[in-house]
Amino acid sequence: MSRRHRVFVRLLVALVTVVPLVLGGVQPAAALDTSAREAILMDYDTGQVLFEKNSTDLMPPASMTKIMTVFLAFERLKDGRLKMTDEIPISENAWRKGGSKMFVEVGSRVSLSDLLMGIIVQSGNDATIALAEAISGSEEAFGELMTTRGREIGLESSIFRNSTGWPDPEHRMTAHDLAVLAAETIRRFPEYYSLFSETSFTYNKIKQGNRNPLLYKAMGVDGLKTGHTENAGYGLTVSAKRGDRRLILVLNGMSSVRERSDESERLIEWGFREFENLTFAKKGVPIETAEVWLGDRPKVPLVTDRDVVVAVKRAARKEMTVTVEYSGPIPAPIVAGQPIAMLRIASPDMQDRTVPLYAGADVGQLGPLGRITSAIGHLVWGSGG
């Protein structure tokens, strides 16, 4: 009695505020190449990878590590364990650290708000270590905290041995993990994220500019962090927003500041130009109906439990197909929220996406006489009602 149904549905095209949805089986679209050793371009709202190169290879992240240090500070600010006015002591260990500096003074106390600016804008290793010691007592213990918390928020491969990204053969991240970390930072801490867009900061009468080259260009970039060591090369984790769309880009392993700037700008522009976000279903709004067997209504509406938004190549939009698939008619009784169908989105440039569909209403079972009448009607006329 049950048969397979495939119903083509009309595409909903509307920009809406979405609940982040990572769709299984998503593959980056074939596109361009990059001189970066590792790279990933991710759509923020959908989690889709628009382009990648060696994005799951372990790599030295250099100062892009500091995004995780700042993430842990933001968590403590949000839950009240830290305050912007807290005075953080500067140890000799922090003061002596080489590389980029905020130029804090040993034995002094610096407000958390200034330390965060020293880390985010100036990439100060001294400020970063001071913050790590304030949270965990030692940088080694802080590295363990970073690794543990990283796993909890989805950093599948990252291993942290320090708070700064100072060269260490065991200190590794992936470009994919950095993109996830950037997205989580933006999503969880909108009240603090704006610090990443500051272009300069002055401390101890020393003014330093943000090393993120794209902050100085009118292209919607509002974060996050650069990195450089001899082993890592030049890297950048960056996010840009235009209208309702946000992209996240991670590049690493480039040979110069100029190359880092040019490549990051090129890939961000490509992502906004070549892709658009399309809405295929809105949470709770029926997109189709399924036939019901022996129910007190002939059909049941089909809904999703969230907005379904997919980043698609603009050139492939006309070739997309959207279908609803289910084995039916669906036997009554049916309970609202019961999974009964599947939405399939297909396009030549990507693997099919499938999203579960649920009953949008209760459907009761017919009484004995109604079931007999309906069954006879189905046999004679093929009606599912």
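These numbers were taken from a predicted model, which means no experiment stands behind them.

A. Expanded view of helix α6 (residues 175-188). With 14 residues, α6 ought to run about 20 Å at 1.5 Å a step, and its terminal C-alpha atoms sit 20 Å apart, in line with that. When you tally the buried positions in α6, you get eleven out of 14 residues, the bulk of the element. Those residues of α6 lying buried are Ala175, Asp177, Leu178, Ala179, Val180, Leu181, Ala182, Ala183, Glu184, Thr185 and Ile186. Of the surrounding secondary structure, the elements contacted by the buried residues of α6 are β2 (38-43), α1 (66-79), α7 (190-193), β8 (221-229), β9 (233-242) and β10 (245-254).

B. Representation of the packing of α1 against helix α5 (residues 139-152) within the structure. Look at α1 against α5: their axes get within 10 Å of each other, and the N-to-C directions meet at 80 degrees. Between α1 and α5, the angle falls in the class roughly perpendicular. Residues Met68, Thr69, Leu72, Glu75 and Arg76 of α1 pack against Phe142, Leu145, Met146, Arg149 and Gly150 of α5. When grouped by side-chain class, the residues that make up the contact of α1 with α5 number five nonpolar, two polar and three charged.

C. Here's a closer look at the pattern of salt bridges. Within the structure shown, the criterion is met by 22 salt bridges. The residue Arg187 makes a salt bridge to Glu184 at a minimum N-O spacing of 3.0 Å. Remark: Glu184 and Arg187 occur in helix α6; sequence separation between them is three residues, near one turn of the helix. For Glu184, a relative accessible area of 14% corresponds to the buried category. A salt bridge links Lys217 to Glu265, with the shortest nitrogen-to-oxygen separation between them at 2.6 Å. Of this pair, Lys217 sits in the loop between β7 (206-209) and β8 while Glu265 sits in helix α8 (residues 257-274), and the two are 48 residues apart along the sequence. Beyond isolated ion pairs, a larger network of salt bridges with shared partners links Glu75, Arg149 and Glu152.

D. Local environment of the packing of aromatic side chains. Counted under the stated rule, the structure contains seven aromatic pairs. Ring plane angle 75 degrees and centroid distance 5.4 Å describe the contact between Trp270 and Phe275, whose orientation is recorded as edge-to-face. This pair shows no difference in class: Trp270 is buried, exactly as Phe275 is. Chaining the aromatic ring pairs together yields one cluster made of Phe71, Phe74, Phe189, Tyr192, Tyr193 and Phe196. Over the ring of Trp166 we find Lys97, and its NZ or CZ is 4.1 Å from the ring centre. The aromatic ring of Tyr44 is capped on one face by Arg246, whose charged end is 5.9 Å from the ring centroid.

E. Layout of the environment of Val104. Here Val104 shows up in the loop between α2 (92-96) and β5 (109-111). On a C-alpha basis, the gap between Val104 and Ile90 in space is 7.3 Å, while along the polypeptide they are 14 residues apart. What Val104 contacts, discounting residues up to four positions off in sequence, is Ile90, Trp95, Val110, Asp126 and Tyr203.

F. Spatial organisation of the nonpolar core. Core analysis: the largest hydrophobic core is formed by 57 residues, its most contacted members being Met68, Phe74, Met102, Leu115, Leu116, Leu155 and Leu181. Core analysis: the second largest hydrophobic core is formed by 27 residues, Leu278, Ile334, Leu343 and Ala359 among them.

G. Representation of the environment of Lys282 in the model. By the secondary structure assignment, Lys282 is in the loop between β11 (275-281) and β12 (288-293). Residues Lys282 and Arg306 lie 24 residues apart in sequence; the distance between their C-alpha atoms is 6.4 Å.

H. Local environment of the packing of α1 against α6. Viewed as axis vectors pointing N to C, α1 and α6 meet at an angle of 25 degrees, and their least axial separation amounts to 11 Å. With respect to α6, the axis of α1 lies roughly parallel. α6 is crossed by α1, and the crossing has left-handed handedness. In this structure, α1 contributes Ile67, Met68, Phe71, Phe74, Glu75 and Lys78 to the contact, and α6 contributes Leu178, Leu181, Glu184, Thr185 and Arg188. When the residues that make up the contact of α1 with α6 are grouped by side-chain class, the tally is six nonpolar, one polar and four charged.

I. Representation of the sheet that holds β9 within the structure. One open sheet accounts for five strands, arranged β3-β2-β10-β9-β8; its pairing is antiparallel. Of all strands in the sheet, those with a lone pairing partner are β3 (49-53) and β8, marking the two edges. The average undirected angle you get between the axes of adjacent strands in this sheet is 5 degrees. Against the sheet, α6 engages β2, β8, β9 and β10, with an angle of about 145 degrees to β10.

Rules behind the numbers
- Residues numbered from 1 in each chain as written.
- Predicted model: local features only at pLDDT ≥ 70, side-chain atom pairs only at ≥ 80, totals over all residues.
- Heavy atoms only, no water.
- Helix = DSSP H or I, 4+ residues; strand = E, 2+ residues; numbered from the N terminus.
- Expected span 1.5 Å × (residues − 1).
- Buried < 20%, exposed > 50% of the residue type's maximum accessible area, 1.4 Å probe, protein only.
- Contact = heavy atoms within 4.5 Å.
- Axes fitted to C-alpha atoms, helices over the stretch in contact; angles between N-to-C directions.
- Parallel < 35°, antiparallel > 145°, perpendicular 65-115°, else oblique.
- Nonpolar A, V, L, I, M, F, W, Y, C, P; charged D, E, K, R; others polar.
- Salt bridge = Lys/Arg side-chain N within 4 Å of Asp/Glu carboxyl O.
- Phe/Tyr/Trp six-rings, centres within 6.5 Å; stacked < 30°, edge-to-face > 60°.
- Lys NZ or Arg CZ within 6 Å of the ring centre and 35° of its normal.
- Core = buried A, V, L, I, M, F, W, Y, C linked by side-chain atoms within 4.5 Å.
- Left-handed = near helix turned anticlockwise from the far one by under 90°.
- Pairing = 2+ DSSP bridges.

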